[in-house]
Amino acid sequence: MFTASDNQALDNIMKSRRICRKFTDQVPDKKDVEAVVTAGRMAPYASISSGDVDVFRHFYVIFRDNPLLEKIDKLIKDQTILDLAILKEEMAEDKFLQKYGVALEKMWFNVAENGLPVFPNPPCLIVLAEWRGARRAERQSLAHTIQNMWLKATALNLDFNMISPLESMWDNQEFCDLFGLPVGKYGFHGCIIGYKEAERLTSKPISDQVHWL
Ligand SMILES: Cc1cc2nc3c(=O)[nH]c(=O)nc-3n(C[C@H](O)[C@H](O)[C@H](O)COP(=O)(O)O)c2cc1C
């Protein structure tokens, strides 16, 4: 049974969770990184597909100054050029994207040119890979995994950034080769953990969106 103070602690952690977009050079302790990964391992998974392989979820921990980071930085830029070309093709046809896609197009253009602001040498990158299975539910499972890791990092007073562009790497041969995974069979996500350099950005206030019908 959980106590009222356990419950309060959970609320405090959820309220404190924030995105961090600028990190100091300080590398987090290996013990803390292990705890964050363990939290990710506890996240739910799509059981019907998980039995297809011995290991359905992998975590690759890459600390600052590892040459792999530069390779990943370049692969993110290259992949974003491809993603941007597809977005532009879709925008030519799709009225919704014409109206709402401009900010995304601008952001991807910037990433294609300059890379992500947290690269090329973040304090600690964790790449997550999830078996796709017949259900193709890997993106949901990865989101649960990221959330567990984010809350644990917050509880450890670490700061956290999501690396969503890694979601496009599922069919990127060079990226899959870095981890010895077969191309097309695993979905990816990733996060950076470390310590924030700047004050956290102010998020939109949580408004009253609950409708009790
Ligand atoms: C599906 C999804 C993808 C996201 N991808 C990124 C990302 O790639 N990079 C990033 O810096 N933040 C990313 N975020 C974080 C959001 O920008 C952030 O959660 C939002 O601005 C609210 O701020 P807060 O998390 O501090 O409350 C993502 C969030 C979601 C839900």
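Small disclaimer: the values here were computed from a predicted structure and weren't measured.

Colleague: Report on the site of the ligand, specifying residues and quantitative values.
Modeller: Every residue lining the ligand is accounted for by Arg 18, Ile 19, Arg 21, Asn 161, Met 162, Ile 163, Ser 164 and Ser 203. The residue inventory of the shell around the ligand, partitioned by class, reads 3 nonpolar, 3 polar and 2 charged.

Colleague: I'd like to hear about helix H1 (residues 4-16), residue by residue, with values.
Modeller: Owing to its 3.6 residues per turn, the α-helix aligns residues three or four sequence positions apart on the same side. For H1, with 13 residues, the first-to-last C-alpha span of 18 Å sits near the 18 Å given by 1.5 Å per residue. Taking burial as the measure, the 13 residues of H1 include 0 buried ones, a minor fraction of the element.

Colleague: Run through the nonpolar core, naming residues and quoting values.
Modeller: Core analysis: the biggest nonpolar cluster contains 33 residues, and Phe 188, Cys 191 and Ile 193 have the highest contact counts within it. At the level of secondary structure, the elements contributing two or more residues to this core comprise helix H2 (30-41), helix H4 (68-93), strand S2 (124-131), helix H7 (138-155) and strand S4 (186-194). Dropping the residues within four chain positions of it, Phe 188 is found in contact with Val 127, Leu 128, Ala 129, Leu 166, Glu 167, Met 169 and Trp 170.

Colleague: I'd love a proper account of the sheet that holds S4, names of residues and values included.
Modeller: A sheet is described by the order of its strands in space; here 4 strands give the open sequence S1-S2-S4-S3, paired in antiparallel fashion. Two strands bound the open sheet, and with one partner strand each, they are strand S1 (57-63) and strand S3 (159-162). Pairwise comparison of adjacent strand axes, ignoring direction, gives a mean angle of 25 degrees for this sheet. Pairing between S2 and S4: 7 bridges, direction antiparallel. Paired with Trp 131 across the two strands is Tyr 186, which belongs to S4.

Parameters at a glance
- Residues numbered from 1 in each chain as written.
- Predicted model: local features only at pLDDT ≥ 70, side-chain atom pairs only at ≥ 80, totals over all residues.
- Near = placed C-beta within 6 Å.
- Nonpolar A, V, L, I, M, F, W, Y, C, P; charged D, E, K, R; others polar.
- Helix = DSSP H or I, 4+ residues; strand = E, 2+ residues; numbered from the N terminus.
- Expected span 1.5 Å × (residues − 1).
- Buried ≥ 20, exposed ≤ 12 C-beta atoms within 10 Å, placed from the backbone.
- Core = buried A, V, L, I, M, F, W, Y, C linked by C-beta atoms within 7 Å.
- Contact = placed C-beta atoms within 7 Å.
- Pairing = 2+ DSSP bridges.
- Axes fitted to C-alpha atoms, helices over the stretch in contact; angles between N-to-C directions.

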